[in-house]
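The chain contents come next:
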Amino acid sequence: MFGWTTRSIKLLEGFGSYTRIHTADKIYIVSKTIKKILELLPNQFIRTHRSFAVHQKQLRSLMGNTLLLHNGEQVKVSKSGRQVILDHFNKAS
């Protein structure tokens, strides 16, 4: 049905009532909020900001309020998102 699988999703970017779904190959735009998309996906995604969620396997490092992904992309991180990411890194080590 869609041109992606859960494993191929790297990043979700919400803007209003739409979400950009970033995969390795393409960016898809769907007419659902990021919240609705996250409800449909397994718990492998970390909400880093009101407008962003990242697949946990994509997390590389956190510098201040910026998350660096394995593919080199940078994502904004809120205060609460920062704590969630730090907790994830602490569990992984």
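Refer to the structure above for everything that follows.
Numbering of residues starts from 1 in each chain and follows the order in which that chain's sequence is written. A pLDDT threshold of at least 70 governs which residues receive local features in this predicted model, and a stricter bar of 80 or more applies before side-chain atom pairs are shown or counted, although totals over entire chains, interfaces and linings include all residues. No hydrogens and no water enter the side-chain calculation; it runs on all heavy atoms of the structure.

Draft legend 1. The arrangement of the pairing of strand E7 (residues 66-69) in detail. Should DSSP find at least two bridges between two strands, the strands are taken to pair. Strands are runs of DSSP state E lasting at least two residues, helices are runs of H or I lasting at least four, and both sets are numbered from the N terminus onward. Across four bridges, the pairing between strand E6 (residues 59-63) and E7 is antiparallel. In the sheet register, Met63 faces E7, and the bridge partner there is Thr66. Between E6 and E7, which pair antiparallel and follow one another directly, the connecting turn spans two residues, one of which, Gly64, has a positive phi of 65°. Here E7 runs beside strand E8 (residues 74-76); their pairing, made up of three bridges, is antiparallel. Each bridged residue has a counterpart across the sheet, and for Thr66 the counterpart in E8 is Lys76. Where E7 folds back on E8, the antiparallel hairpin that results is connected by four residues, among which Gly72 adopts a positive phi of roughly 95°.

Draft legend 2. How the structure looks around the nonpolar core. Buried Ala, Val, Leu, Ile, Met, Phe, Trp, Tyr and Cys residues form a nonpolar core when they are joined through side-chain atoms within 4.5 Å. Burial here depends on accessible area, computed with a 1.4 Å probe over protein chains only, as a share of the maximum for the residue type. Under 20% is buried, over 50% is exposed, and the range in between is partly exposed. Judged by nonpolar contacts, Leu11, Ile46, Phe52, Val54, Leu59, Leu62, Leu67, Leu69, Val75, Val77 and Ile85 together constitute the single largest core of 11 residues. For this core, the secondary structure elements donating two or more residues are strand E5 (52-55), E6 and E7. With near-sequence residues (within four places) excluded, Leu59 lies in contact with Ile46, Val54, Leu67, Leu68, His70, His88 and Phe89. Core analysis: the second largest hydrophobic core is formed by 10 residues, Leu12, Ile21, Ile34 and Ile37 among them. The criterion used for residue contact is that any of the two residues' heavy atoms lie within 4.5 Å.

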